[in-house]
Amino acid sequence: MKKKPIITGMLIVLLLTSAACERVKAMDTSYEIQTVGTPDRNEAGEIIGDCHYQKLVFTNPNKNLSKINAYIEQACNTFFANGSGKDYQDYLAEVPAERLGELVDYPYKSTEDIENVFLTDSYVSIQMKSFWYCGGVANTNYSGASYDLKTGEPFKISDLLSGSEEDILSTVKSVYWSALVDHYTYAGMFDSARDALEKKTLSDYHFFVGEAGEIFFIADTYEFAPGAAGPYVFGSGLMVGDTCDGNS
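Everything in this summary refers to the structure shown in the same document. (Residues numbered from 1 in each chain as written. Predicted model: local features only at pLDDT ≥ 70, side-chain atom pairs only at ≥ 80, totals over all residues. Heavy atoms only, no water.)

**Considerations on the pattern of salt bridges**
- Tallied over the entire structure, the rule returns eight salt bridges.
- Lys55 serves as the salt-bridge partner of Glu73, at 2.3 Å between the closest nitrogen and oxygen. Linking Glu73 in helix H2 (residues 63-82) with Lys55 in strand E3 (residues 47-58), this pair joins segments that are 18 residues apart in sequence.
- Relative accessible area serves as the criterion here: at 10%, Lys55 is assigned to the buried category. (Salt bridge = Lys/Arg side-chain N within 4 Å of Asp/Glu carboxyl O. Helix = DSSP H or I, 4+ residues; strand = E, 2+ residues; numbered from the N terminus. Buried < 20%, exposed > 50% of the residue type's maximum accessible area, 1.4 Å probe, protein only.)

Below, the structure is given as structure tokens:
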């Protein structure tokens, strides 16, 4: 009878150890980057176009990481189904057969590549770079996607900063405008740039989170300045967990 407490205690230790091992296993954040899509070629095997999408895939996911994989897969599917990947296919299909030879020197392109991956114990944030050329002007843009590893859900800016939504928006808008003026200058921006910024809601801001926790914002090509000025990616100085009082 005296051995039962000892046996019970050992079982508890084993269960706790097993649970701890399971938690470690559940947070295996190993990943690989997969490229979906292959180049288009003419009858001679020469490349006349390239349409692809790079996606991050957690290779040993728990339930939450599987959710992130699903979100990324959905973004990839959207790219090909009704995004710039589909536009690329439409443009390529419209090229007359006698002009396909011209595409060997200047292949059409619609690509979405992973530029950076920032992974911590609490989040993964992905910076994407897109390139588009289907005749005419070539454009480059950036985008970001950030996910909470503990829930598997995408982060919103209001999840990363403290304060009322009104104060967060006011702070972000102030920081964002100062960065635009420093980069593009007043003279280099559209006359409507300030109005365009005033119309932005928090969900309209494109962002990703660096490894140190700094929030980076993205201004798209043509959004505030002529196309030649290109996109702009900048560190905001705002860190995850910062409190916004609307007076920044």
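**A short note on the packing of aromatic side chains**
- A full pass over the atoms with the stated rule returns 17 aromatic pairs.
- With a centroid separation of 5.3 Å and an interplanar angle of 55 degrees, the aromatic rings of Tyr53 and Phe79 are classed as tilted. On the criterion of sequence distance, the pair formed by Tyr53 in strand E3 and Phe79 in helix H2 is long-range, its members being 26 residues apart. Accessibility classification places Tyr53 together with Phe79 in one group, the buried group.
- With a centroid separation of 5.4 Å and 70 degrees between ring planes, the pair formed by Tyr176 and Phe234 is classed as edge-to-face. Note that Tyr176 is positioned in helix H5 (residues 165-184) and Phe234 in strand E9 (residues 232-239), a separation of 58 residues in sequence.
- For Phe234, a relative accessible area of 5% translates into the label buried. (Phe/Tyr/Trp six-rings, centres within 6.5 Å; stacked < 30°, edge-to-face > 60°.)

**Observations regarding the state of the cysteines**
- Following the criterion strictly, the structure yields zero disulfides and no others.
- Just so you know, Cys51 is unpaired, no disulfide at all, and the nearest cysteine sulfur is the one on Cys134, 8.3 Å from it.
- Cys76 takes part in no disulfide bond, and the closest cysteine sulfur, belonging to Cys51, lies 9.6 Å away. (Disulfide = S-S within 2.5 Å.)

**Quick look at the pairing of E3**
- For E3, a buried count of 11 out of 12 residues is recorded, marking the element as mostly surrounded by other parts of the structure.
- Note: strand E1 (residues 31-36) against E3, six bridges, orientation antiparallel. Its bridge partner lying in E3, Glu32 is registered against Val57.
- Across two bridges, strand E2 (residues 40-41) lies against E3 in antiparallel orientation. Among the inter-strand pairings, Arg41 is bridged to a residue of E3, identified as Ile47.
- The hairpin formed by E2 and E3 contains five residues between the paired strands, and Gly45 there has a positive phi angle of roughly 85 degrees.
- Pairing geometry for E3 and strand E4 (residues 108-119), over five bridges, is parallel. Paired with Tyr53 across the two strands is Glu112, which belongs to E4. (Pairing = 2+ DSSP bridges.)

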